[in-house]
Each structure stands twice: as structure tokens, then as C-alpha cells.
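Letter by letter, the chains look like this.
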Amino acid sequence: MSIWGKLAERYEGKEQEPHKILALDGGGIRGILPLEVLARMEALLARATGTGEKFRLCRYFDYIGGTSTGAIIAAGLARGMGVRELIDFYATTGPAMFDRQFILKRWKALYKSEPLKKELQTVYGSRTTLNPNDLECLLLAVTRNRTTGSPWPISSNPQAAYNDPRRKDCNLRIPLWKIVRASTAAPVFFPPEVIEWDPKDKDKAFVFVDGGMTPYNNPSFLLYRMATEPAYKLNWATGEDKLLIMSVGTGAAPILGEDVDDPDRGLLGNVGGIPGALMYGAMVDQDTSCRHIGRCVHGAPLDREVGDMVPRAPLSKELGRKFLYARYNADLSKEGLRKLGLPKIDPQAVSRLDSIKAIGDLRRVGKAVAREIKLEHFGPFL
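Residues numbered from 1 in each chain as written. Predicted model: local features only at pLDDT ≥ 70, side-chain atom pairs only at ≥ 80, totals over all residues. Heavy atoms only, no water.

1. Observations concerning the side chain of H298
Here is step 1 of the chain: With respect to the helices and strands, H298 occurs in strand β8 (residues 295-298).
Here is step 2 of the chain: You can call H298 buried: its relative accessible area is 17%.
Here is step 3 of the chain: In terms of polar contacts, H298 uses its side chain to reach the side chain of E372, at 2.9 Å.
Here is step 4 of the chain: When residues no more than four places from it in sequence are discounted, the contact partners of H298 are V310, Y325, A326, R327, Y328, E372 and H377. (Helix = DSSP H or I, 4+ residues; strand = E, 2+ residues; numbered from the N terminus. Buried < 20%, exposed > 50% of the residue type's maximum accessible area, 1.4 Å probe, protein only. Polar contact = N/O pair within 3.5 Å; in protein donor to acceptor, adjacent residues only side chain to side chain. Contact = heavy atoms within 4.5 Å.)

See the structure below:
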């Protein structure tokens with residue numbers, strides 16, 4: 001029997017055929033923002049393919065990957081859920097997932113992990129794993145192994161070295177909800193997640209924290225590598241007509257330091273802002289790498305020097321890039337929101353990872369970004 005299980009017909013021996021990848025950023029409750037982008041994408045593709053309400057993104061995209069809140073969405077999509085189902089999940093269970101603990105216990109974590117655990121088990125099934133028979137497409141969830149201090153991108157690719165069923169620590173046996181919970185274990189917000197790969201070997205038990213604490217809070221270029229690098233054994237073909245990568249963010253804005261006229265205050269401000277600044281820099285770096293190696297068809301300017309890196313040539317003209325690429329994200333600064341036609345939205349409120357009260361505003365931002373999607377961005381992949 002094929003290691004691909006029910007997905008054998010779709011993936012086995014299809015390395016040279018065109019493939020499509022969807023990458024989803026981390027960002028806490030802000031995950032509802034990219035869901036509005038995905039809702040429009042789902043609707044446009046449903047009409048373009050003539051499949052109507054039965055259309056699911058997992059039928060179109062061959063590999064869906066995400067970090068933190070992006071992993072929650074990616075797992076749901078890979079299980080065959082529609083985007084509207086996931087929007088309802090975020091809107092109704094978001095407050096429960098971020099339920100505040102008693103104030104004296106906040107030294108452990110600001111929020112309880114149990115509501116999130118319970119909801120993830122309900123959505124994915126408590127016994128669902130990364131086994132191809134449990135999914136509708138390939139899935140990647142980015143985690144950080146705090147025990148080893150290294151990023152751990154965990155994929156459902158059955159050909160990968162650590163997914164060999166003969167291994168006692170085979171990744172494919174781990175419950176899906178546990179892997180997603182590990183990817184979302186943001187320090188301060190949620191306690192770490194402990195996963196035992198081999199219950200009989202204590203050296204195979206590791207502590208995991210949020211995948212956003214790695215260089216892959218935006219996992220787009222990571223997904224490209226894991227789909228094409230021979231070590232991962234997928235060996236998908238590259239080319240502007242062979243590989244498509246769609247990347248969707250949870251909103252971002254440059255983090256400015258304190259006033260230079262107050263250096264002491266600036267020093268404290270810089271120390272406190274290091275994690276956010278690193279995450280922002282890593283996000284931009286992944287995006288820039290994709291635009292450099294791939295052919296970008298849509299994306300906001302990266303900076304004043306390189307601009308948006310979108311070639312001013314028709315898609316019919318081959319440029320020799322490794323893949324076709326589009327990036328959809330929101331600038332959550334005051335000026336960015338004004339350009340989206342949302343000047344009354346508070347930038348600070350929608351920038352927080354736990355912006356429960358701003359869910360409505362986040363959805364409005366997502367719908368504004370969603371209007372940027374055009375079918376021509378999909379090039380020859382329709």
C-alpha cells in the first residue's frame with residue numbers, strides 16, 4: 001500500500017506536475033484578518049473552477065502551511081473545512097481561547113491553555129493525526145522546540161525522514177491538535193506544550209513554544225524549500241508555470257523606537273520591543289526572499305529602495321523565476337489603515353495578538369485587503 005494512503009493518486013509520482021502552495025502567517029486572534037482574505041479567494045476560485053459551494057481550498061492548494069494562528073487555519077483547511085467555518089470558529093471561540101486567568105496566577109501564563117486545547121480537539125478530532133488518510137492535502141505547522149532551542153517545522157509529507165512509520169518517533173502519529181497547540185503556545189499568552197514522540201524514551205519528550213518565535217512567522221519561503229529541496233524528498237518542479245505560492249499575513253506595521261532625545265527611555269523601549277521587532281524583520285525577510293527568487297505578481301512595497309519587486313512585464317513573458325508569488329497583507333499603521341479606507345480604526349487595538357474587542361475591526365481590515373485579490377494573480381494555475 002502506498003505511504004500516501006488516500007492521497008496517492010494526487011501526489012505519488014507527480015513531482016513534475018504543477019503545484020500550488022498556501023502560506024499563512026502567525027498573529028494571535030488577528031488570524032481572523034487573513035480568513036477574510038481567504039474567504040474572497042475561496043469565492044473567486046469557486047466561481048472560476050465552476051465547483052460552487054463544494055469548492056474547498058484544500059482541493060486547489062497542494063501544500064498548506066502556517067505558523068501559530070496560521071497553523072490553526074492551515075490545519076482546518078487541510079482537514080477539508082470551508083473558510084466560513086473557520087471564521088465562525090474564530091468569532092465564537094476567540095474569547096474562550098483567550099480566557100483570562102486569576103490575576104495571581106498570571107506569572108505562569110496570562111491566558112488558560114485548556115479552552116484552546118478543548119476547541120482544537122473539537123475542530124480537528126482528538127484522534128486525528130498528520131497521517132495522509134486524515135488530511136485532504138499536505139500540511140505544515142511551524143513550531144519551536146524550546147528543549148533544543150531550534151525551529152521545528154512539522155510536515156505531513158510521508159516521504160520525509162522523520163515521517164517514516166518504522167520510526168518509533170514518527171511525526172505522523174502525533175495528534176494534530178497537539179502539533180497545532182504547540183505552534184500556538186505563545187510565551188506569556190499560553191503555557192508551553194509538551195509532546196512525547198516515544199512514550200518509552202524520555203529523551204524523545206520535548207517542550208514546544210509558539211512557532212512565531214522562529215524566523216518563520218511568515219512561512220512562505222520555508223514552504224518553498226520544503227517542497228523543492230531534495231532532502232525533504234518531495235522534489236517538486238520549479239518554474240513560473242510549475243509552482244505557485246500565495247502568502248497571506250495577519251497584518252503588520254514597522255515598530256518605531258523611542259525619541260532619540262530621550263536615550264535612556266529609548267534603551268528600555270528597545271529592549272521591550274526586541275521580540276516584536278525580530279518577528280517583523282523575519283516576516284519581511286521571508287517575503288523579500290520570495291520576491292527575489294520567485295516572480296511576484298502582487299505585494300505592497302517592501303521599502304523605498306527595492307519597492308514592491310513586481311516585474312513590469314506581462315505574465316506571458318517568461319522571466320526564469322523559480323515560482324509565481326503573491327503576498328496579501330495589511331499595514332496596520334495609522335497611515336496604512338487610512339489607505340485601506342479605514343481611518344477610524346485604532347491601530348493599537350488591531351495590532352494586539354489578543355484583540356478580542358477588535359474582532360469586528362480586524363474583519364473589516366481583512367475585507368479591505370481581500371479586494372486586492374485578482375484572478376490574474378493566479379496566472380497559468382487556473
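2. Quick notes on the state of the cysteines
Here is step 1 of the chain: Evaluated as defined, the whole model comprises zero disulfides.
Here is step 2 of the chain: Free cysteine C58: the closest other cysteine sulfur is in C137, separated by 5.6 Å.
Here is step 3 of the chain: By relative accessible area, which is 0% here, C58 ends up buried. (Disulfide = S-S within 2.5 Å.)

3. Looking at unusual backbone geometry
Here is step 1 of the chain: At S68, a position not held by glycine, the phi torsion is positive, near 55°.
Here is step 2 of the chain: Here S68 is to be found in the loop between β2 (63-67) and α4 (69-78).
Here is step 3 of the chain: According to the relative accessible area criterion, S68 is buried, its value standing at 6%.
Here is step 4 of the chain: A positive phi is found at N235, a non-glycine position, where the angle reads about 55°.

4. Some details on the packing of aromatic side chains
Here is step 1 of the chain: By the definition in use, this model includes 10 aromatic pairs.
Here is step 2 of the chain: Both rings, one in Y224 and one in F323, keep their centres 4.9 Å apart while their planes meet at 45°; by these two values the pair is tilted. Placement of the pair is Y224 in helix α8 (residues 220-228) and F323 in the loop between β8 and β9 (324-328), with a sequence separation of 99 residues.
Here is step 3 of the chain: Of the residues examined, Y224 reaches a relative accessible area of 11% and is grouped as buried.
Here is step 4 of the chain: Aromatic ring contacts, followed pair by pair, group F221, Y224, F323 and Y325 into a single cluster. (Phe/Tyr/Trp six-rings, centres within 6.5 Å; stacked < 30°, edge-to-face > 60°.)

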